[in-house]
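In case you want the letters, here they are:
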Amino acid sequence: MSYKTIMFDKKFILHEIRDYLMVAIATLMYAFAVTAFMLPYGLATGGVAGISAIIFYATGLKIQISYAAINAAFLIMAAKIVGLRFCLKTIWGFGTITLWLWVCQNIMEDPVTHELPKLIGDEMFMACVLGAILEGMGLSISFYFNGSTGGTDIIAACINKYKEVSLGQILMVCDILIVSSCYLVFHDIQRVIFGYVLLIVAAITLDYFTRRFHQAVEFKIFSRNHSAIADAINKKGFGVTLLDGFGWYTKTTRKVLVCICNKRYSETIMREIKRVDPTCFVSITNAQNVYGEGFDIMKTKVKGQKPIIVFATNNANKLREVREILSDRFEVRSLKEVGCMDELPETHETLEENAMQKARHIAKFYGFDCFSDDTGLEVEALNGAPGVYSARYANINDPDYYDPLLDKTKDHDSKANMRKLLAKMKGKENRKAQFRTSIALIYKGKEYYFEGIVKGKIAEEEKGNMGFGYDPVFIPEGYDASFAELSSEVKNKISHRALAIEKLAEFLKEKK
């Protein structure tokens, strides 16, 4: 399979470095909680840390050894299912925890007895609470910066990929089983109960800090100088929506600006508002569960719904052809179906650049994973024409060609295009040509190209009525019939667009 990936930009690399550093800090907190408040008191927690702790209590095997071994085994088994990026983040997560567990134990344990000190005496309940709070804080920081601590996360990710079961439900079942097994070592129901308390407090802490990290605020700004405020907020990198309002007291229309941002940026927004219009009216409210670009992703699953991908076209023929190929894997939506009524830009001189230009427009303004195509008929005797201008070939001024039937009110006139092509090819012996489709895909923020080429020749006259575009005048190699005479089943196997879409489909199948 052939495709080209655009290199990561500097901003992406810096974000990745920040994520890895913060995950390392978070795993240090988690490892300290396990070493200082769990192991000395014989407590068990959930996940692989809990399994490793139980092995430590039963055999004396250092917790970091079993922790690393179990995680590595899980990851090897699940690598193909969860994908490369998840694997890298997981290796970093459980790798740093393993390192910190080793460091903490070597620093804290008694050099003679090799026992870990009880930092708060015999207060097992307080150790349980403090350890749970630190664990929950560490996990929340790790998750916020896209980290994974491995272990039962890997199991949950694998099951969640194929079953309509939430990650939380899977993790809770695993953790209850792990904590309950502590009874097999100590035969002490009190330790099991404390283990459940540890789980609950850690979960509450995790939930609390996760909500705090994702706390958003909504600004409603009433100002006569709304345009200047909107521009100032935009320059700081935040989106603004302009609404129409009506002041009942003044009986005048008034514009209302709405801006939603993470709470930590609220002071930045306020400074820009005050700088432009210190007398305006501003309302700030807390906004819970904000989803969309810059905020959380909607993780609620719709049973039976396939992943959505947008094909940047409203051409019914193209859509039908593509849906026949991708329908078993994706819900392919047209521009109209995502509310796009824009005239997509095509200002470049190559098929690849035009395709990517359209895809970027959809990704930027509508937020969907999307792909766009640009197709050209390249005729050898015409030096590759009409090429990138195939759709508007008849509209291009040509001093030695005039078509009195050309409908100038149409941007695309397929009949006129074919008439011009046949006129240009009249009397030429070399009728070799090829259809070439370039597909630009933007998937999960990355850009890719795919290409499909079908070689053939230009017919002497139009043949068939089942195709569109230049299909009636193009005869593919190995056939005596034009594309417009072939059935859709045959055409979808050999056409330029079908070949490019198959490469796209194979790529998406691997990425899912």
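Going by the structure above, here's the rest.
Residues numbered from 1 in each chain as written. Predicted model: local features only at pLDDT ≥ 70, side-chain atom pairs only at ≥ 80, totals over all residues. Heavy atoms only, no water.

### Focus: the packing of helix H5 (residues 124–144) against helix H9 (residues 189–213)
Argument step 1. Put simply, H5 and H9 touch, their axes get as near as 7 Å, and they point 35 degrees apart. Our pair here, H5 against H9, has a crossing hand that is right-handed.
Argument step 2. Residues belonging to the contact of H5 with H9 are distributed by class as follows: 19 nonpolar, four polar and two charged. (Axes fitted to C-alpha atoms, helices over the stretch in contact; angles between N-to-C directions. Helix = DSSP H or I, 4+ residues; strand = E, 2+ residues; numbered from the N terminus. Left-handed = near helix turned anticlockwise from the far one by under 90°. Nonpolar A, V, L, I, M, F, W, Y, C, P; charged D, E, K, R; others polar.)

### A short note on the nonpolar core
Argument step 1. In terms of nonpolar packing, the biggest core is built from 39 residues, with Val-34, Met-38, Leu-39, Leu-43, Tyr-67 and Leu-101 touching the most fellow members.
Argument step 2. Within the residue set of this core, elements represented by two or more residues are helix H1 (10–38), helix H2 (47–59), helix H3 (63–82), helix H4 (84–108), H5 and H9.
Argument step 3. A total of ten residues in this core trace back to one element, the largest contributor, which is H1. (Core = buried A, V, L, I, M, F, W, Y, C linked by side-chain atoms within 4.5 Å. Buried < 20%, exposed > 50% of the residue type's maximum accessible area, 1.4 Å probe, protein only.)

### A look at the pairing of strand E2 (residues 216–222)
Argument step 1. Bridge count between E2 and strand E4 (residues 252–262): seven bridges; the pairing is antiparallel. Bridge pairing in E4 places Phe-219 opposite Cys-259.
Argument step 2. Where E2 and strand E5 (residues 281–287) come together, seven bridges link them in antiparallel fashion. Opposite Ile-221, over in E5, you have Val-282 as the bridge partner. (Pairing = 2+ DSSP bridges.)

### Digging into the environment of Asn-234
Argument step 1. Mapping Asn-234 onto the fold places it in helix H10 (residues 226–235).
Argument step 2. Along the sequence, Asn-234 and Ile-269 sit 35 residues apart, while their C-alpha atoms lie 9.9 Å from each other.
Argument step 3. Those residues in contact with Asn-234, other than ones at most four positions away along the chain, are Gly-239 and Val-240.
Argument step 4. A distance of 2.7 Å separates the side chain of Asn-234 from the backbone oxygen of Phe-238, its partner in a polar contact. (Contact = heavy atoms within 4.5 Å. Polar contact = N/O pair within 3.5 Å; in protein donor to acceptor, adjacent residues only side chain to side chain.)

### As for the pairing of strand E8 (residues 370–379)
Argument step 1. Of all ten residues making up E8, ten are buried, and the element is well covered by its neighbours.
Argument step 2. Burial of E8 is two-sided: the residues Cys-370, Ser-372, Asp-374, Gly-376 and Glu-378 facing one way and the residues Phe-371, Asp-373, Thr-375, Leu-377 and Val-379 facing the other way are all buried.
Argument step 3. The pairing of strand E6 (residues 308–311) with E8 spans two bridges and is classified as parallel. Residue pairing for E8: Phe-311 is matched across the bridge by Phe-371.
Argument step 4. For E8 and strand E9 (residues 432–443), the ladder comprises ten bridges, and the chain directions are antiparallel. Directly across from Gly-376, in E9, lies its bridge partner Arg-436.

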